[in-house]
Amino acid sequence: MPERDDNPLVAVGRYSGLALVLPVATMIGYVIGYGLDKLFGTNFLDVIFLIVGIIAGFVSLFRQLNREMKRDGS
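Owing to the predicted nature of the structure, the values given are computational and were not obtained by experimental measurement.

Parameters and conventions
- Residues numbered from 1 in each chain as written.
- Predicted model: local features only at pLDDT ≥ 70, side-chain atom pairs only at ≥ 80, totals over all residues.
- Heavy atoms only, no water.
- Salt bridge = Lys/Arg side-chain N within 4 Å of Asp/Glu carboxyl O.
- Helix = DSSP H or I, 4+ residues; strand = E, 2+ residues; numbered from the N terminus.
- Phe/Tyr/Trp six-rings, centres within 6.5 Å; stacked < 30°, edge-to-face > 60°.
- Buried < 20%, exposed > 50% of the residue type's maximum accessible area, 1.4 Å probe, protein only.
- Patch = residues over 30% accessible without salt bridge, like charges linked within 9 Å, V, L, I, M, F, W, Y side chains within 5 Å.
- Areas by Shrake-Rupley, 256 points an atom, 1.4 Å probe, with all protein chains shown as cover.

Q: Sorry if this is basic, but what is going on with the pattern of salt bridges here?
A: Side chains bearing opposite charge may pair, as long as their charged atoms lie close to each other. The tally for this structure, following the rule as stated, stands at 1 salt bridge. Measuring nitrogen to oxygen at the nearest pair gives 3.5 Å for the salt bridge that ties Arg71 to Glu68. Placement of the pair is Arg71 and Glu68 together in helix H2 (residues 45-73), with a separation of 3 residues, close to one helical turn.

Here is the structure:
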């Protein structure tokens, strides 16, 4: 029985998930900031949460890439 790591479709699924991490985190950050702006009547929270979303996306992306590099190197 072949191992799952040898299957190219598993690798495609794993790496395509990496492509979605940054845009989704950015969008979620902006939506939260936009909602808080509407709730409190401000106009700066969307930018702040957009930046927080971008940072969170990069952190998550680097963590996943680090895990992948450790998995491939072992």
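Q: Any chance you could explain the packing of aromatic side chains here in plain terms?
A: In the structure shown here, the tally under the stated rule is 2 aromatic pairs. Both rings, one in Phe58 and one in Phe62, keep their centres 6.1 Å apart while their planes meet at 25 degrees; by these two values the pair is stacked. Of the two residues, Phe58 and Phe62 are both situated in helix H2; the distance of 4 residues between them amounts to about one turn of the helix. Residue Phe58 is classed as partly exposed on the basis of its relative accessible area of 37%.

Q: Help me understand a nonpolar patch on the surface in this model?
A: Together, Leu20, Val24, Ile28 and Ile32 line one region of the surface with nonpolar side chains, adding up to about 340 Å² of accessible area. Relative to the helices and strands, Ile32 is located in helix H1 (residues 8-40). In this structure Ile32 comes out as partly exposed when scored by relative accessible area, which is 42%.

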